[in-house]
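Structure assessment
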Amino acid sequence: MIEVHAYATPNSLKVPIALEEMGLDYQLVPVNLRQGAQKSDTFKAMNPNGKVPVLIDRSVAKGADTVLSESAAILVYLAEKTGQLLPKDPSQRGKVFEQLFFHASGVSPAYLQAFLVAIQSSPQPEAKAKALAEVDRVLGVLDQALKSHQYVAGDTYSIADIVHFGWIWRSQAVGASLDKFPSVTRWYSEILARPAVSTAIEKTMALA
């Protein structure tokens, strides 16, 4: 059995999407961030960084559970485990990892900063404008890539699409808009319409 310790967050959502797409059985275990559950000794024994999601794979050899944090690392693990959503061809595979690293260095920090500004009781207009400008910048990079390909890493749906979708799904919550990015808008609509994605969103939001 695979357990996913998670909450209703963009990073948590990525893992159930992958599991639904791969057809793997799993159990979502809620970690209530509002109550500080991620700071408990029990949770930090799984992830000393105190962040969701955490995956526990109990389907490996008895007594040798795999425990992983960091959503991108979890997606790579699941892709390697199942042989799905990660190309074998070195060039195509490299493009997927390029997007995973771009997400970690660009997309995720931009959205996180915009989110932190958005939840302030009285956000400063200058700080908000600066944060949203960086979100627009990274969306522009993705839009350029998606002009010539159906998916972010090429013509095949992969874990790279899932990793980006997690935060872009929360664009409205951070005050960002996809209107200026037609290729991202097209891609987002296609991903959102996938049955596995809809199911994962429903299950993840139920954790709140």
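**Looking at the side chain of Asp161**
- Relative to the helices and strands, Asp161 resides in helix α6 (residues 159–168).
- For Asp161, which is buried and forms no salt bridge, the nearest opposite charge comes from Arg186, at a distance of 7.5 Å.
- Engagement of the side chain of Asp161 in a polar contact is seen with the backbone nitrogen of Val152, the distance being 3.0 Å.
- Ignoring anything within four residues of it in the chain, the contact list for Asp161 reads Tyr151, Val152, Thr156, Trp187 and Ile191.

**Remarks on the nonpolar core**
- Judged by nonpolar contacts, the single largest core of 65 residues is most densely connected at Leu78, Tyr111, Ile159, Phe165 and Trp187.
- Element by element, the count of residues in this core is highest for helix α4 (residues 90–118), at eight residues.
- When residues no more than four places from it in sequence are discounted, the contact partners of Tyr111 are Val135, Leu139, Trp167, Ile168, Ser171, Val174 and Leu178.

**Observations regarding the layout of surface pockets**
- A volume near 1,100 Å³ is recorded for the largest pocket.
- As for the largest pocket, its lining consists of 34 residues, and the residues nearest its centre are Thr9, Pro10, Asn11, Leu112 and Trp167.
- Residue contributions to the lining of the largest pocket peak at eight residues, all from α4.

**Here we look at the packing of aromatic side chains**
- Scanning the entire structure with this criterion turns up five aromatic pairs.
- A ring pair is formed by Phe97 and Phe101, whose centres lie 6.5 Å apart and whose planes are at 35°; its orientation type is tilted. Linking Phe97 with Phe101, this pair stays in helix α4, spanning four residues, or about one helical turn.
- Take Phe97: its relative accessible area is 24%, and that puts it in the partly exposed class.
- Following the ring pairs from residue to residue traces out a cluster consisting of Tyr111, Phe115 and Trp167.
- If you follow Arg170 out to its NZ or CZ, it ends over the ring of Trp169, 4.7 Å from the centre.
- In this structure, Arg194 is placed above the aromatic ring of Tyr157, and the distance from its NZ or CZ to the ring centre is 3.7 Å.

Reading the values: the criteria
- Residues numbered from 1 in each chain as written.
- Predicted model: local features only at pLDDT ≥ 70, side-chain atom pairs only at ≥ 80, totals over all residues.
- Heavy atoms only, no water.
- Helix = DSSP H or I, 4+ residues; strand = E, 2+ residues; numbered from the N terminus.
- Buried < 20%, exposed > 50% of the residue type's maximum accessible area, 1.4 Å probe, protein only.
- Lys, Arg positive; Asp, Glu negative; His and termini not counted.
- Salt bridge = Lys/Arg side-chain N within 4 Å of Asp/Glu carboxyl O.
- Polar contact = N/O pair within 3.5 Å; in protein donor to acceptor, adjacent residues only side chain to side chain.
- Contact = heavy atoms within 4.5 Å.
- Core = buried A, V, L, I, M, F, W, Y, C linked by side-chain atoms within 4.5 Å.
- 1 Å grid on protein atoms, 1.4 Å probe; cavity = no way out; pocket = protein on both sides within 12 Å on 5 of 7 lines; lining within 4 Å.
- Points joined across faces, edges and corners; volume = space filled by probe spheres on them.
- Phe/Tyr/Trp six-rings, centres within 6.5 Å; stacked < 30°, edge-to-face > 60°.
- Lys NZ or Arg CZ within 6 Å of the ring centre and 35° of its normal.

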